[in-house]
Amino acid sequence: MKRLIPAAILLAAVLGIYLYSLQYVTEACDEAKLSVTRCENEYRNGGNPEAAAAELKELWDKREGTLSLFVNHGEIDNFEYGLASLTVFAKTDEEAMFYESIAQLRTLLHQIKEDTAFGAHSIF
Amino acid sequence: MLFLNGITKTDFANNVIGDFMIITIMRTVILYIFVTLGIRLMGKRQIGEMQPNELVVTLLISEIAAIPLQDTTQPILNGVVAIFVLVVLEILISVLSMKSLFMRKIMNGKSAVIIKNGVIDQQAMRSVRMTVLDLVELLRGQAVFDISTVAFAVLEVNGNLSVLLKSGEKPATAADLNVPEEPALLPLPVISDGKIIEESLEAIGISRGAAMKRLKGTPVTEIFLMTMDRSGNTNIIKRRKIK
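Peer 1: When you look at the overall build of chain A in this model, what are you seeing that I'm missing?
Peer 2: Looking only at helices and strands, chain A features five helices and zero strands. Start at the N end of chain A and walk to the C end: the helices and strands fall as α-α-α-α-α. Within chain A, the proportion of its 124 residues that are buried is 33%. The contacts in chain A between residues at least 6 apart in sequence include a share of 67% that link residues at least 24 apart. For chain A, the exposed area adds up to about 7,100 Å²; of that, 60% sits on carbon and sulfur atoms.

Peer 1: Any chance you could explain the overall build of chain B here in plain terms?
Peer 2: Along chain B, the regular secondary structure elements total eight helices and 10 strands. Here chain B holds 243 residues, and 26% of them are scored as buried. Counting only carbon and sulfur atoms, one obtains 61% of the accessible surface of chain B, whose full area is about 16,700 Å².

Peer 1: I keep staring at the pattern of salt bridges and nothing clicks. Help me out?
Peer 2: A side chain with one charge can pair with a side chain of the opposite charge if their charged atoms come near. In the structure shown here, the tally under the stated rule is nine salt bridges over all chains. Notably, a salt bridge pairs A:D30 with A:K113, separated by 2.8 Å at the nearest N-O pair. Of the two residues, A:D30 sits in helix 1 (residues 4-44) while A:K113 sits in helix 4 (residues 95-116), which places them 83 residues apart along the sequence. Owing to a relative accessible area of 25%, A:K113 belongs among the partly exposed residues under this scheme. Notably, a salt bridge pairs B:E198 with B:R208, separated by 2.1 Å at the nearest N-O pair. Highlighted residues: B:E198 in helix 7 (residues 198-204) and B:R208 in helix 8 (residues 208-213), separated in sequence by 10 residues. A network of salt bridges, in which partner residues are shared, links A:E27, A:E31 and A:R63.

Peer 1: Explain the environment of A:R63 here, please?
Peer 2: Residue and element names in this part refer to chain A. Its location among the elements puts R63 in helix 2 (residues 49-70). Sequence spacing of R63 and A28 is 35 residues, and the spatial spacing of their C-alpha atoms is 6.8 Å. Leave out the neighbours within four places in its chain, and R63 touches Y24, E27, A28 and E31.

Peer 1: So what exactly am I meant to see when it comes to the packing of helix 3 (residues 76-99) of chain B against helix 4 (residues 101-108) of chain B here?
Peer 2: In helix packing, the relevant descriptors are the interaxial angle and the interaxial distance, both defined with respect to the helix axes. Residues and elements named next belong to chain B. Contact geometry for helix 3 and helix 4: axes closest at 5 Å, N-to-C directions at 130°. Relative to helix 4, the element helix 3 is oriented oblique. Seen from above, helix 3 lies across helix 4 with left-handed handedness. For the pair formed by helix 3 and helix 4, the contact residues are I93, L96, S97, M98 and K99 on the first element and L101, M103, R104, M107 and N108 on the second. Of the residues contributing to the contact of helix 3 with helix 4, the split by class is six nonpolar, two polar and two charged.

Peer 1: In this structure, what is going on with the interface of chain A and chain B? I would like to understand it.
Peer 2: One frequent convention defines the size of an interface as the accessible area lost when the parts assemble. Between chain A and chain B, the contact holds 15 residues from the first and 20 residues from the second. Approximately 1,400 Å² of surface area, both sides summed, lies buried where chain A meets chain B, with 74% of it carried by carbon and sulfur atoms. By the criterion of area lost to chain B, the three top residues of chain A are A:R3, A:L10 and A:V14, representing 40% of everything that side buries. Where chain A touches chain B, the interface holds zero salt bridges. Taken together, the connections running from chain A to chain B amount to two residue pairs in polar contact (both at pLDDT 80 or more). Taken together, the elements giving at least two residues each to the side of chain A that touches chain B come down to helix 1, helix 2 and helix 3 (73-89) of chain A. Counting residues per element, the side of chain A that touches chain B draws most heavily on helix 1 of chain A, which supplies seven residues. Here the side of chain A that touches chain B is built from residues that sort into 10 nonpolar, four polar and one charged.

Peer 1: Please explain unusual backbone geometry as it appears in this structure.
Peer 2: Backbone phi values are negative for most residues with the exception of glycine, while trans is the configuration of most peptide bonds. All names here are of chain B. You will see that A143, though not glycine, has its phi angle at about 60°, which is positive. Relative to the helices and strands, A143 is located in the loop between helix 6 (132-141) and strand 5 (150-155). The phi dihedral of D193 is positive, around 50°, even though this residue is not glycine. Mapped onto the secondary structure, D193 falls in the loop between strand 7 (188-192) and strand 8 (195-196). Among the residues examined, D193 registers a relative accessible area of 38% and is labelled partly exposed.

Peer 1: Can you help me understand the packing of aromatic side chains in this one?
Peer 2: One pass over the structure, following the stated rule, counts eight aromatic pairs over all chains. On the numbers, 5.8 Å between centres and 85° between planes, the contact of A:Y43 with A:Y99 is edge-to-face. Taken together, the residues span a long stretch of sequence, with A:Y43 in helix 1 and A:Y99 in helix 4 at a distance of 56 residues. When the ring of B:F34 is compared with that of B:F84, the centres are 5.4 Å apart and the planes differ by 80°; the resulting orientation is edge-to-face. With B:F34 in helix 1 (residues 9-42) and B:F84 in helix 3, this pair connects stretches of sequence that are 50 residues apart. Overall, the relative accessible area of 25% leaves B:F34 in the partly exposed class.

Criteria and thresholds
- Residues numbered from 1 in each chain as written.
- Chains lettered and ligands numbered in written order.
- Predicted model: local features only at pLDDT ≥ 70, side-chain atom pairs only at ≥ 80, totals over all residues.
- Heavy atoms only, no water.
- Helix = DSSP H or I, 4+ residues; strand = E, 2+ residues; numbered from the N terminus.
- Buried < 20%, exposed > 50% of the residue type's maximum accessible area, 1.4 Å probe, protein only.
- Contact = heavy atoms within 4.5 Å.
- Areas by Shrake-Rupley, 256 points an atom, 1.4 Å probe, with all protein chains shown as cover.
- Salt bridge = Lys/Arg side-chain N within 4 Å of Asp/Glu carboxyl O.
- Axes fitted to C-alpha atoms, helices over the stretch in contact; angles between N-to-C directions.
- Parallel < 35°, antiparallel > 145°, perpendicular 65-115°, else oblique.
- Left-handed = near helix turned anticlockwise from the far one by under 90°.
- Nonpolar A, V, L, I, M, F, W, Y, C, P; charged D, E, K, R; others polar.
- Buried area = accessible area lost by both parts, 1.4 Å probe.
- Polar contact = N/O pair within 3.5 Å; in protein donor to acceptor, adjacent residues only side chain to side chain.
- Phe/Tyr/Trp six-rings, centres within 6.5 Å; stacked < 30°, edge-to-face > 60°.

Right, here's the structure in full:
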C-alpha cells in the first residue's frame, strides 16, 4: 500500500499530462490550420496574405514554448522554416511556391496532431 | 575574424556551443533527478537480487533516459513520462506478484530443485538450461566442492543457487555443542570519519558524554571509525595520516 499510493499519483500525473498535451496540441494545430486557410484565401482573393501570414506567425510564436514540451523540436523547427517561406512568398507573385508552402504547413500540422493523438499510427 | 555570415568564431563558441552545453547539463540534471526518484520508488534491490521484470524495467529506464540526453530535439517530458510509466508498471506488477502466486510464477518464473540428496536432477538442469560446469561453479561460490554433501540445491529465480548441506556435513553450531546462547548485539558506527552519528547513540541507548569518555581525550576529528554495541563493547580506529 505504501508504494501503491505514489504509483497511483504518478499514474494520475502521467494521464493528466497526456490529456493536457493532447488537448493543447490539437487546439494549437486546429488554430494554426484555420490561420493557414485564412492566408490561402487572402492570397486567392487578392486580399492581404502578408497580414494573415504575420498573424499565423504571431499565433505560432505564442504557442511554440508550450508545444516544445510535447512535440519533437525538429517538427517545430520544420514548421518555422515553412512559415518563413510562406511569409516570403506571400509578398511575391510566385503562386506555385506560395501554395507549396501552404501545403507543407498543412502536412506538418497534420503530422504533429497525428503523432500526439492516440491511435495505431502513433503507437506503432 | 569572420566565421559565418558575420559571426565571429568567438561568438559562435560563446553563444551556440555555450547554450548547447547548458541545455545538455540541464537535461542531464533533470533526468538524473527523475531516474533516481523512479528507482527509489521501485525500492531497494541489488542488481544480483533483481527479479526478471525488475531487470527489464531497469534496463529500459537507462535506455529511455539516454534518448533525450543524446537527442536534444526530443522533448524531455517524453522520457520522463516513459520512466514514470515503467515505474508504475513495476510497482503494480510487484504488488500483484505479492498477492498472487500465479502472477509471481508468470512474471518471475519459479525456482528449480537441481540437486536432491546428492543426486543431480538432469531433467531440471535441462529445463533451466544450465550446464554441469555452471552448477559446479555456483556450488563453489557457496563453498561446496563435493556434490554428494548436498541435501538440496535450489536455483532461485534471480539466478542464485541456495544450498542445504546434508546434516552430517553442516558446520557445528553453538546449539550442537550445548554452548549457552548469548543475545546477539549489533555494533553500530558511533563516529564515522570524525563525525558523531547521533542516531547510532540513540539506538544503542548511550549518552554522547559516555561515548566521548571512551575516546580517552582523543579529539573526535582524529577518529576514523568508532563502533559500539548495547553492552558497551567499543572498537576505535584512529585516523591515519595519508601522504
